[in-house]
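The residues making up each chain are set out below.
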Amino acid sequence: MDTATKPLVVAISSRALFDLDESHRIYEEQGTEAYCRFQIENEDVPLEPGGAFNLVKKLLALNDNNPKTPRVEIILLSRNSADTGLRVFNSIQHHNLGIIRAVFTSGSSPYRYVAPFSANLFLSTSPEDVRMALEAGIAAATILPSNLGHNSESEQLRIAFDGDAVIFSDESERIFKERGLEAFTENEQQTARQALSGGPFKDFLMALNKIQTEYPENSSPIRTALVTARSAPAHERVIRTLREWGIRIDEAIFLGGMEKGPFLKSFGADIFFDDQERHCISARDHVATGHVPHGIANQLILKDNNE
């Protein structure tokens, strides 16, 4: 396929797309056989939306004006069997989601199919699958449980990103973790005109930006935001990096360590991606949230857990 017409591809697990908590509880408490029986008995009962449902619905809506050359494709990757997966497909049809490609792996990890589908993003509720995708160089996030509703006030797709270790590499965050705020600030001032290296979500953001550029700036169906704990004077390097990459970020919020959740709610994010669990916990009370287990902050957590 011509790269100019290649769609943005998002691979998603069934538990990230739909609320399968009740089904999963039956699986954990009663085993595989009871789970399969429950899914088959309820295969005509539509599943309720899950954490990433609203994101998927708005992504697919980008195809409404381009039915012959879709801008987005959603791939379902599920640990269900084809038999129990029938309920998932029935739910897809019930919610009028234009998803036609799927993989059912009968319990094994589906992440290995992310690369053959050339996915730009992988969303799952399995931290293990997400880590493996990230290690393979694919943008990926663990969708966190939330009690939020799924009715968005805006038809516009709104996606918010943390900066370091998500859009950018963790090179600056490593200095902060290892040497403190003063050393971090000094480094960012000295390297303000030196672009940061790309992080795991750089290519996904660029693919989104490519779709954005097809529309006038004030009428784009996509709006993006950078929501970072950075503050002045560490802002300049970020702005110059995005400029060098040719990426347009619609809103940039430099919080200087304040809680991110209320600002994400004000932005109206359909989803927020962050590498640090404490920011994700603050965010998920306000918006759908994906944890990106990448970079020095997560390496330190793994090290502490293994000691």
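Residues numbered from 1 in each chain as written. Predicted model: local features only at pLDDT ≥ 70, side-chain atom pairs only at ≥ 80, totals over all residues. Heavy atoms only, no water.

K.L.:
Looking at this structure, I do not really get the pairing of strand β2 (residues 72–78). What am I missing?
P.N.:
For a regular strand, the rule is simple: side chains alternate between the two faces of the sheet. Among the seven residues in β2, seven count as buried, and that is most of the element. Bridge count between strand β1 (residues 8–13) and β2: six bridges; the pairing is parallel. The partner of L8 across the bridge, within β2, is V72. As for the winding sense of the linkage, the β-α-β connection from β2 through helix α5 (residues 86–94) to strand β3 (residues 101–104) is right-handed. (Buried < 20%, exposed > 50% of the residue type's maximum accessible area, 1.4 Å probe, protein only. Helix = DSSP H or I, 4+ residues; strand = E, 2+ residues; numbered from the N terminus. Pairing = 2+ DSSP bridges. Right-handed = clockwise from strand over helix to strand, strands pointing away.)

K.L.:
Looking at this model, I keep getting lost on α5. Mind explaining?
P.N.:
Think of an α-helix as turning once every 3.6 residues; residues three or four places apart then point the same way. Of all the residues in α5, the buried ones are R87, V88, S91 and I92. Buried residues of α5, seen end-on, are gathered within an arc of 145° and therefore sit on one face of the element. Those residues of α5 that are buried lie in contact with α1 (14–17), α2 (21–30), α3 (32–41) and β2. Trailing α5 by a residue or two, N96 shows a phi angle of about 55°, which is positive. (Arc of directions from axis to C-beta. Contact = heavy atoms within 4.5 Å.)

K.L.:
In this structure, what is going on with the packing of aromatic side chains? I would like to understand it.
P.N.:
The geometry of an aromatic ring pair is captured by two quantities: the separation of the ring centres and the angle between the planes. Tallied over the full model, the rule gives 11 aromatic pairs. Where F201 meets F273, the ring centres are 4.8 Å apart and the plane angle is 40°; that geometry is what we call tilted. A residue pair is termed long-range when its members are at least 10 positions apart, and F201 in the loop between α8 (181–190) and α9 (202–212) and F273 in strand β9 (residues 271–274) qualify at 72 residues. For F201, a relative accessible area of 0% translates into the label buried. By the ring-pair criterion, three or more aromatic residues cluster together here, those being F161, F201, F204 and F273. The lysine or arginine in question, K202, covers the ring of W245, its NZ or CZ lying 4.4 Å from the ring centre. (Phe/Tyr/Trp six-rings, centres within 6.5 Å; stacked < 30°, edge-to-face > 60°. Lys NZ or Arg CZ within 6 Å of the ring centre and 35° of its normal.)

K.L.:
Explanation requested: unusual backbone geometry in the structure shown.
P.N.:
Where the residue is not glycine, phi is negative for most of them; where a peptide bond is considered, it is trans in most cases. Cis geometry is found at the peptide bond from A232 to P233, where omega equals 10°. Structurally, the position occupied by P233 is in the loop between β7 (222–228) and α10 (235–245). Phi angles above zero are rare outside glycine, and S118 is one such case at about 55°. Along the polypeptide, S118 turns up in the loop between β3 and β4 (121–124). In this structure, A165 is a non-glycine residue whose phi angle is positive, near 75°. For A165, the location among the structural elements is in the loop between β6 (157–161) and α7 (171–179).

K.L.:
What am I meant to see in the side chain of Q276 here?
P.N.:
Summarising the element assignment, Q276 is placed in the loop between β9 and α12 (277–284). The contacts of Q276, once residues within four sequence positions are left out, are E173, K177, H291 and A297.

K.L.:
Would you mind showing me how to read the packing of α2 against α3 here?
P.N.:
Packed helices, taken two at a time, are described by the angle between their axes plus the distance between the axes. Where α2 meets α3, the closest approach of the two axes is 7 Å, and the angle between their N-to-C directions is 150°. With respect to each other, α2 and α3 are oriented roughly antiparallel. Contact with α2, carried on its side by E22, S23, I26, Y27 and Q30, involves T32, A34, Y35, F38 and Q39 of α3 and no other residues of that element. Here the contact of α2 with α3 is built from residues that sort into five nonpolar, four polar and one charged. (Axes fitted to C-alpha atoms, helices over the stretch in contact; angles between N-to-C directions. Parallel < 35°, antiparallel > 145°, perpendicular 65-115°, else oblique. Nonpolar A, V, L, I, M, F, W, Y, C, P; charged D, E, K, R; others polar.)

K.L.:
Even after reading the chapter, I still don't get the pairing of β1, so can you show me in this structure?
P.N.:
Counting buried residues in β1 gives six out of six residues, a clear majority hidden from the surface. For β1 and β4, the ladder comprises three bridges, and the chain directions are parallel. Residue pairing in the sheet places V10 in a bridge with L121 of β4.

K.L.:
I tried to follow the domain arrangement of the protein on my own but got confused; where do I start?
P.N.:
One frequent convention defines the size of an interface as the accessible area lost when the parts assemble. As assigned here, the protein comprises domain 1 (8–143) and domain 2 (157–291). Computed from C-alpha coordinates alone, the two centres of domain 1 and domain 2 are separated by 26 Å. On the side of domain 2, 19 residues touch domain 1, which itself brings 19 residues to the contact. Overall, the association of domain 1 and domain 2 removes approximately 1600 Å² of surface from exposure, summing both partners, and the carbon and sulfur fraction of that is 68%. The three residues of domain 1 that bury the most area against domain 2 are L55, L62 and R71, which together make up 31% of that side's buried surface. Here domain 1 is connected to domain 2 by two salt bridges. Here E214 ties to R71 by a salt bridge, and the two come within 2.7 Å at their closest N and O atoms. (Domains from an automatic or database assignment. Buried area = accessible area lost by both parts, 1.4 Å probe. Salt bridge = Lys/Arg side-chain N within 4 Å of Asp/Glu carboxyl O.)

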